[in-house]
Amino acid sequence: MKILKSLLIAAGVMTLASCNQQRIDTSDEPADPSFYVLNNIMTRVSVRQFTDEPIARYELEEILKAGLQAPSAMNAQDWQVRIVTNQEMLNTLSGFMLNTEMGKGMVARLNGKNAFANAPAVAFIAAETGEKATAYNREDTALLSENILLAAHALGLGATYQAAPARMINDSAEAKEYLKTVFGFPENAELINIIIMGHPAEKPAIKDRDQSKGRIID
Ligand SMILES: Cc1cc2nc3c(=O)[nH]c(=O)nc-3n(C[C@H](O)[C@H](O)[C@H](O)COP(=O)(O)O)c2cc1C
């Protein structure tokens, strides 16, 4: 049984490696679906350096769909997401962000790149507030974000959840206005985080987790 499982996993790894660049065919059941999901979760890392290669349109669409498929309290879907690939827009927004107190302190670390590490695509994730939103709107955006991270990783892309850039945007009246007027965020959308993504130009090691933080109680 163990040998069979190892063979399945090896076959899965080979299939995953060869499938990265292809359109996803969700009509086919993989031989061992649990392998794909668990392997994807256990091998995801934050990637912060990217090549210039753009992300294929169909991949962005899959990533967006995966995000919007996240669970939300009472299925309220009290979120707003924009995935932006337009570098001119990202540079303009970055200019506003790097003019904030927090942004000014970051410039030296960016090595001439914009506030998004020149990522080919950036997801802006906001929680809807107000009457239609639940008290769990931030939790909902967190689940949506994790789906995006895992979808990007499944496609062989790198991504990082980032809260600091969202703070810079929220600290800048011009940046907040830009999100409304150019990205079309509604008035009741509160930006929570961004996710930078692209083809990886680095291969960070998977970080250990403190297993003592979780227990099974029989
Ligand atoms: C709420 C939250 C905020 C984060 N903010 C940032 C950030 O502003 N900048 C950044 O580079 N990474 C940020 N990260 C990414 C974490 O640093 C990263 O997930 C953590 O170090 C674990 O590494 P891993 O994702 O490679 O497993 C954030 C992650 C979370 C969950």
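Look a little higher up for the structure.
A brief look at the structure comes next. Keep in mind the model is a prediction, meaning the values are calculated, not measured.

**A short note on the packing of aromatic side chains**
The description of two aromatic rings rests on the distance between their centres and on the angle between their planes.
In step 1: Enumeration over the complete set of coordinates arrives at five aromatic pairs.
In step 2: A centroid spacing of 5.4 Å and a plane angle of 70° characterise the contact between Phe-35 and Tyr-36, whose relative ring orientation is edge-to-face.
In step 3: Since its relative accessible area comes to 10%, Phe-35 is described here as buried.
In step 4: Tyr-36 gets classed as partly exposed once you look at its relative accessible area, which sits at 24%.
In step 5: A centroid spacing of 5.7 Å and a plane angle of 70° characterise the contact between Tyr-178 and Phe-183, whose relative ring orientation is edge-to-face.
In step 6: Taking relative accessible area as the criterion, Tyr-178 reaches 13% and is therefore assigned buried.

**Side note on helix 4 (residues 87-97)**
In step 1: Every buried residue of helix 4 is listed here: Leu-90, Leu-93, Ser-94 and Met-97. Along the axis of helix 4, the buried residues cluster in a sector spanning 105°; they form a single face.
In step 2: Packed against the buried residues of helix 4 are strand 1 (79-84), helix 5 (101-106), strand 2 (121-128), helix 7 (164-170) and helix 8 (173-181).
In step 3: Sitting at the head of helix 4, Asn-86 places a side-chain oxygen 3.0 Å from the backbone nitrogen of Glu-88.

**Digging into the nonpolar core**
In step 1: Leu-93, Phe-116, Val-122, Phe-124, Ile-169, Phe-183 and Ile-196 are the most contacted members of the largest nonpolar core, which has 29 residues in total.
In step 2: Every element with two or more residues in this core is listed here: helix 4, strand 2, helix 7, helix 8 and strand 4 (189-198).
In step 3: Considering each element in turn, this core owes the most residues, four residues, to strand 4.
In step 4: Beyond its immediate sequence surroundings of up to four residues, Ile-169 is in contact with Leu-93, Met-97, Phe-124, Ala-175, Lys-176, Leu-179 and Leu-191.

**Side note on the pairing of strand 1**
In step 1: Among the six residues in strand 1, five count as buried, and that is most of the element.
In step 2: As judged from the six bridges shared by strand 1 and strand 2, these two strands associate in the antiparallel manner. In the sheet register, Trp-79 faces strand 2, and the bridge partner there is Ala-127.

**Here we look at the site of the ligand**
In step 1: Around the ligand, the neighbouring residues are Arg-44, Val-45, Ser-46, Arg-48, Thr-160, Tyr-161, Gln-162, Ala-163, Ala-164, Pro-165, Lys-207 and Arg-209.
In step 2: Taking Ser-46, its side chain carries an N or O atom lying 2.6 Å from an oxygen atom of the ligand.
In step 3: Here Lys-207 contributes a side-chain N or O atom positioned 2.6 Å from an oxygen atom of the ligand.
In step 4: For the ligand, whose unbound accessible area comes to 620 Å², protein coverage reaches 60%.

**Digging into a nonpolar patch on the surface**
In step 1: A cluster of nonpolar side chains, namely Val-37, Leu-38, Ile-41 and Met-42, defines an oily patch on the protein surface of about 400 Å² accessible area.
In step 2: The exposure class assigned to Ile-41 is partly exposed, which follows from its relative accessible area of 40%.

**A closer look at the sheet that holds strand 1**
Pairing between the strands of a sheet is mediated by backbone hydrogen bonds and can be parallel or antiparallel.
In step 1: One open sheet holds the four strands; their spatial order is 1-2-4-3, and the pairing between them is antiparallel. In this open sheet, the two edge strands, each paired with only one partner strand, are strand 1 and strand 3 (158-162). Ignoring strand direction, the axes of neighbouring strands in this sheet form an average angle of 20°.
In step 2: In this structure, strand 3 lies alongside strand 4, joined through five bridges in antiparallel fashion. Following the sheet pairing, Ala-159 is matched in strand 4 by Met-197.
In step 3: Its contacts with the sheet place helix 3 (residues 57-68) against strand 1, strand 2 and strand 4, and it is angled at close to 165° to strand 1.

**So, unusual backbone geometry**
The general pattern is negative phi for most residues beyond glycine and trans for most peptide bonds.
In step 1: Its identity as a non-glycine residue notwithstanding, Asn-75 has a phi of 50°, on the positive side.
In step 2: By the secondary structure assignment, Asn-75 is in the loop between helix 3 and strand 1.
In step 3: Residue classification places Asn-75 among the exposed residues on the basis of a relative accessible area of 52%.
In step 4: Even without being glycine, Ala-117 reaches a positive phi, approximately 55°.

**Brief notes about helix 8**
In step 1: Among the residues of helix 8, those classed as buried are Ala-175, Tyr-178 and Leu-179. Around the axis of helix 8, the buried residues are gathered within 100° of arc, so they sit on the same side. In helix 8, the exposed positions angled more than 90 degrees off the buried face are occupied by Ala-173 and Thr-181.
In step 2: For helix 8, the secondary structure elements touched by its buried residues are helix 4, helix 7 and strand 4.

Each value, and the rule that gives it
- Counting restarts for each chain, with residues numbered from 1 along the sequence as it is written.
- Given that this is a predicted model, residues contribute local features only at a pLDDT of at least 70 and side-chain atom pairs are listed and counted only at 80 or more, while totals for whole chains, interfaces and linings are drawn from all residues.
- The basis for every side-chain value is the complete set of non-hydrogen atoms in the structure, without hydrogens or water.
- Classification of ring pairs uses Phe, Tyr and Trp, with its six-membered ring standing for Trp, and accepts pairs whose centres are within 6.5 Å; under 30 degrees between planes counts as stacked, over 60 as edge-to-face, and the remaining range as tilted.
- With a 1.4 Å probe rolled over the protein chains alone, any residue whose accessible area is under 20% of its type maximum counts as buried; one over 50% counts as exposed, and the rest are partly exposed.
- Put simply, DSSP marks the helices as runs of H or I at least four residues long and the strands as runs of E at least two long, and each gets a number from the N terminus on.
- By arc we mean the arc of the directions from the helix axis to the C-beta atoms, nothing more.
- Residue contacts follow a heavy-atom distance rule, with two residues in contact if any of their heavy atoms lie within 4.5 Å.
- Polar contact is the term for a pair of N or O atoms within 3.5 Å; when the atoms are in protein, one must be able to donate a hydrogen and the other to accept it, and sequence-neighboring residues count only if both atoms are side-chain atoms.
- Residues enter a nonpolar core if they are buried and are Ala, Val, Leu, Ile, Met, Phe, Trp, Tyr or Cys, with the set joined through side-chain atoms within 4.5 Å.
- For two strands to count as paired, DSSP must find a minimum of two bridges between them.
- Nearness is defined per residue: one heavy atom within 4 Å of the molecule or strand is enough.
- Per-residue accessibility takes into account occlusion by the displayed protein chains alone, with areas from the Shrake-Rupley method and a 1.4 Å probe.
- For patch building, the residue pool is restricted to those with more than 30% relative accessible area and no salt bridge; the joining distance is 9 Å between like charges and 5 Å between nonpolar side chains (Val, Leu, Ile, Met, Phe, Trp, Tyr).
- For this analysis, a salt bridge means a side-chain nitrogen from Lys or Arg found within 4 Å of a carboxyl oxygen belonging to Asp or Glu.
- Every angle, taken between N-to-C directions, lies between 0 and 180 degrees, and every axis is a line fitted to C-alpha atoms, over only the stretch in contact when it is a helix.

Limitation: the analysis is restricted to geometry and does not speak to function.
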